[in-house]
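Chain and residue survey
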Amino acid sequence: MLHSLQAEFEAAKSFAASDDQMLEFYRQMLLIRRFEEKAGQLYGLGLIGGFCHLYIGQEAVAIGLQSALDNDKDSVITGYRDHGHMLAYGIDPKVIMAELTGREAGISKGKGGSMHMFSTEHKFYGGHGIVGAQVALGGGLALAHQYNEDGGLCLAYFGDGAANQGQVYETFNMAALWNLPIVFVVEDNQYAMGTASARSSAETRFHRRGTAFRIPGMDVDGMNVLEVRAAAEVAFKHVRDGKGPVLMELNTYRYRGHSMSDPAKYRTRDEVQEQREKYDPIERLKKSLVEAGHDEADLKAIDKDIRKIVTEAADFSESSPEPEPSELYTDILVEKY
């Protein structure tokens, strides 16, 4: 039982994407990449306050998984490296960038910033700064789906560092006990802040960690968007069929530091360069598109369009007003009538 999902996934291994789907995956991953690059520039200019955690290198995870969701029913919750997940939903880059820069037009009225943005309209519940806390909240979202019988599932992201938090295992236990519709996703980008997984985790194959709770695990190449999508199809079907939670390990890599304040001196430049040259998710998909007959000039044109969208988002955020002082007193309490 615990190994059947991995076997089913291994049999499929790659999602049979149509030409249009591959182009859309390429466009969406490029949007995340260029958006995050611009966010890094704005942070350097002092236009983004607080911490800022970029998703560069991990684009295939969010796009591969969230493209398989039912956006009318399913919910998503994640940690503080959340910009890419919001963009994967198709949310307007302008309101995300405005949120990063603390503007009134931001998706959380400029009060969430980089780490705590959310959109209940899109069933995206954050954006959480407390390491691992979103996993327990994801269990609550899954319980709500079950209680309301709405057919939805919760996709709960966390990192390899958060995987060592106790509340993660408490949630595993309750999710398995109550047969909750939740997919736990470990984005293993190899480093918990500045510490390599092997130095902080006795078990570095994170998909195995649900075994004690009878939660099946899946080991997925998080740098291959088609493989991620194929894995999502298998995992989501398992949950929707009422068979309980799934634990997915997405092996990926972040090119930048843990946050913008991290010089990342704990790894070599050669290590990062090797990841970029051999495993970059965007370049791998681009190669597949070229092999399928697409002209590189057309793909460059897509990149040019994406850069324009991101530039417009940055200009919009810089020209948008900051929240009024009275906003300090809104969204504090929920009033019942």
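Presented here is an overview of the structure given in this document. Predicted model, so just to flag it, every value in this text is computed and none were measured. All residue numbers here refer to positions counted from 1 along the written sequence of the relevant chain. Under the rules for a predicted model, residues below a pLDDT of 70 receive no local features and side-chain atom pairs below 80 are neither given nor counted, while totals for whole chains, interfaces and linings still include all residues. In computing side-chain properties, one takes all heavy atoms of the structure into account and sets aside hydrogens as well as water.

**A look at the packing of aromatic side chains**
The pairing test for Phe, Tyr and Trp rings, Trp by its six-membered ring, is centres within 6.5 Å, and the orientation test on the planes gives stacked under 30 degrees, edge-to-face over 60, and tilted for anything in between. As enumerated under the stated definition, the model contains six aromatic pairs in all. Summarising the aromatic geometry, the rings of Y89 and F124 are spaced 6.1 Å apart at their centres and angled 90° between planes, so their arrangement reads as edge-to-face. Residue Y89 is located in the loop between α4 (83-88) and α5 (93-100), and its partner F124 is located in the loop between α5 and α6 (133-148); the two are separated by 35 residues in the primary sequence. Given a relative accessible area of 0%, F124 falls into the buried group. Aromatic rings pair up to connect Y169, F172, F184 and F213 into one cluster. Criterion for a charge above a ring: Arg CZ or Lys NZ at most 6 Å from the ring centre, at most 35 degrees from the ring normal. Geometry around F15 places R229 over its ring, the cationic atom sitting 4.4 Å from the centre. Secondary structure elements are taken from DSSP: a helix is a run of H or I of four residues or more, a strand is a run of E of two residues or more, and numbering for both begins at the N terminus. Each residue's exposure class comes from its accessible area (1.4 Å probe, protein chains only) as a fraction of the maximum for that residue type: buried when under 20%, exposed when over 50%, partly exposed otherwise.

**Some remarks on the pattern of salt bridges**
In what follows, salt bridge is the name for a side-chain nitrogen of Lys or Arg lying within 4 Å of a carboxyl oxygen of Asp or Glu. This structure, assessed with the given rule, holds 19 salt bridges. Between R34 and E37 there is a salt bridge whose closest N-O contact spans 3.1 Å. Of this pair, R34 and E37 both sit in helix α2 (residues 19-44), three residues apart, which is roughly one turn of the helix. For E37, a relative accessible area of 25% puts it in the partly exposed group. Residues E249 and R205 are paired through a salt bridge, measuring 4.0 Å at the closest nitrogen-oxygen approach. Here E249, found in strand β7 (residues 246-251), pairs with R205, found in the loop between α8 (197-200) and β6 (217-221); they are 44 residues apart in sequence, far enough to count as distant. Look at R205 and you get partly exposed, because its relative accessible area is 29%. Residues joined in a network through salt bridges with shared partners are R34, E37, D303 and R307.

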